[in-house]
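Coordinate inspection notes
For reference, the chains in residue letters:
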Amino acid sequence: MNNVYEHLLNKKVSLKENTLWYTMGTLCSSATSFLLMIYVTRILGVDDAGVFSISYSVGQLMLSIGWFGTRQFQVSDVNEEFKFSDYLSLKLLTSIVMIVGCIIYSFFLHFNTYKLIVTFLYCLFLICDVFADLFSARFQQVDKLFLSGISYIIRILGYNFVILISLLCFKNLILSIILAMLYSMLELTLFDVQLIKKISSVNVQFRIEKIISLIKNCFPLFISSFLTTFIVNVPKNAIELNFDSSIQTYYNIIFMPSYIINLFCMFIFVPLYTSIANTWLNSTKDKFINIVVKLFIFDILLSIFVFVGCYFLGIPLLELVYGVGLQSVKSSFLILIIAGCFTSMNSILSYIFTVVRKQKFMIYIYVVAMIVAQVMVKALTVKYGIFGASLDYLIGIASITIMFIIGLVLVLKSDKGEKNE
């Protein structure tokens, strides 16, 4: 195996090959939420699918705690101000907080015992994603992003297969999650960890001053990600507290494509992160602005293409895949698709704010959006059901985009936006 590891590390790859492998890996990741919902809905039915849906939503919120926004900062840390061990130590701490938060949040939503167990196990499973993200960022730092793609493909395709087979054989959601978690841990141990050991010093060294500094630097990114996910969950929480699990299933089925839009956009933009950071550090501000404008134009064109496709084909395809009738929620589906397009733009904007080191402004933006979404959600959801939940989500996400754009224009036009500050 050592020969395989050495071959991969010594392999010379172009930006195109790096991007291709990462794209394929991220495609697997993007499809996972979609596939898992299909497995559970088709094999276990809409009630169990509803349980998995809300557990998945809680898990994604807790995952934002585990990630703590370090990916963007770590990749843009081109001068390696922090050691890999600093990022590793922080991830261990955030993983503990993630699990504790999962339990607290589950009680807040009044989960029964079954939902609590499923949610707890799913959050344990997602800790693998926390460390996979850490390793992926390190690979990108040393221009080996293709290794992330290979790892994603092996791990994600593998645990999807494990979940599918175990559901078919045992019809047990809890057992399926446990088996998938064991597989994921095994892949990370045999692939990612072995490669990381050869390019970094892997040791848990709690350098308190560095960890505190990392927390300060990444907190705006974390809180932005956390609040974004919380805004996503606000309508789902309202459905959970006011309707039965089957309604949760229908909402999550039509929500999934909007979530995938953002992930799809990210596998295009993430490989460009390091070059964007280098442009800001080493080139003119005009060139940086030119890149930003091109990213916006591309994202808008892609969003229009996706919306048109979903308008004509979205509902029929979802009905075919999931085996449930969805024509009555088509308007809600299209609202969520528009929201997904806004979300993809927000992801790009949040990274740009990170590059120019104005992360603190993002906190205010997301807090305002969260308050707007939370204040309106109960009235909209109780009165209009799934349509109201979808509308509340769109309002929250669109308000973020508007405030982001206004803030970025002001930052880049002001003297404080100058690179040489």
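Residues numbered from 1 in each chain as written. Predicted model: local features only at pLDDT ≥ 70, side-chain atom pairs only at ≥ 80, totals over all residues. Heavy atoms only, no water.

1. Structural notes on a nonpolar patch on the surface
Threshold: Without a salt bridge and with relative accessible area above 30%, a residue can belong to a patch; like charges are then joined within 9 Å and nonpolar side chains (Val, Leu, Ile, Met, Phe, Trp, Tyr) within 5 Å. Only the protein chains shown count as cover for residues, and all accessible areas are computed by the Shrake-Rupley method using a 1.4 Å probe. Put simply, a salt bridge is a Lys or Arg side-chain nitrogen that is within 4 Å of an Asp or Glu carboxyl oxygen. A run of H or I in DSSP becomes a helix once it reaches four residues, and a run of E becomes a strand once it reaches two; helices and strands are each numbered from the N terminus.
Nonpolar side chains collect at one region of the surface, where Val 293, Ile 297, Ile 300, Leu 301, Ile 304, Val 308, Tyr 311, Phe 312, Leu 313, Leu 317 and Leu 320 lie side by side and expose about 1100 Å² of accessible area between them. Among the secondary structure elements, Ile 297 is positioned in helix α12 (residues 285–322).

2. Description of the nonpolar core
Rules: By convention a nonpolar core is built from buried Ala, Val, Leu, Ile, Met, Phe, Trp, Tyr and Cys residues, the set being connected through side-chain atoms within 4.5 Å. Each residue's exposure class comes from its accessible area (1.4 Å probe, protein chains only) as a fraction of the maximum for that residue type: buried when under 20%, exposed when over 50%, partly exposed otherwise. By definition in these notes, contact holds between two residues if any of their heavy atoms fall within 4.5 Å.
Counting residues in hydrophobic clusters, the biggest one holds 138 residues, and the most contacted among them are Met 62, Phe 288 and Tyr 393. No other element matches the 15 residues that helix α6 (residues 113–141) contributes to this core. Dropping the residues within four chain positions of it, Tyr 393 is found in contact with Ile 231, Val 232, Pro 235, Tyr 251, Phe 255, Leu 336, Ala 339 and Thr 343.

3. As for the packing of α6 against helix α8 (residues 173–199)
Keep this limit in mind: Think of each axis as a best-fit line through the C-alpha atoms, taken over the contacting stretch in the case of a helix, with angles from 0 to 180 degrees between the N-to-C directions. Put simply, angles under 35 degrees are roughly parallel, angles over 145 are roughly antiparallel, angles from 65 to 115 are roughly perpendicular, and the rest are oblique. Should the near helix be turned anticlockwise from the far one by less than a right angle, the crossing is left-handed, and should it be turned clockwise, the crossing is right-handed. Three classes are used, and their members are as follows: Ala, Val, Leu, Ile, Met, Phe, Trp, Tyr, Cys and Pro are nonpolar, Asp, Glu, Lys and Arg are charged, and the others, Gly among them, are polar.
Contact geometry for α6 and α8: axes closest at 10 Å, N-to-C directions at 15°. Looking at the two axes, α6 sits roughly parallel to α8. Of the two elements, α6 crosses α8, and the hand of that crossing is left-handed. Here the contact of α6 with α8 is composed, by residue class, of 23 nonpolar, one polar and two charged.

4. Considerations on unusual backbone geometry
Both trends apply: most residues other than glycine have a negative phi, and most peptide bonds are in trans. Its identity is not glycine, yet Asp 143 carries a phi of approximately 60°, on the positive side. Along the chain, Asp 143 turns up in the loop between α6 and α7 (145–170). Unlike most non-glycine residues, Lys 171 shows phi in positive territory, near 50°. On the secondary structure map, Lys 171 appears in the loop between α7 and α8.

5. Overview of the environment of Phe 333
Residue placement: Phe 333 occurs in helix α13 (residues 330–355). On the basis of relative accessibility, which here comes to 1%, the residue Phe 333 falls in the buried class. For the pair formed by Phe 333 and Ser 258, sequence separation is 75 residues and the distance between their alpha carbons is 8.6 Å. Once residues lying within four places of it in the same chain are set aside, the contact partners of Phe 333 are Ile 254, Pro 257, Cys 310, Gly 314, Ile 315 and Leu 318.

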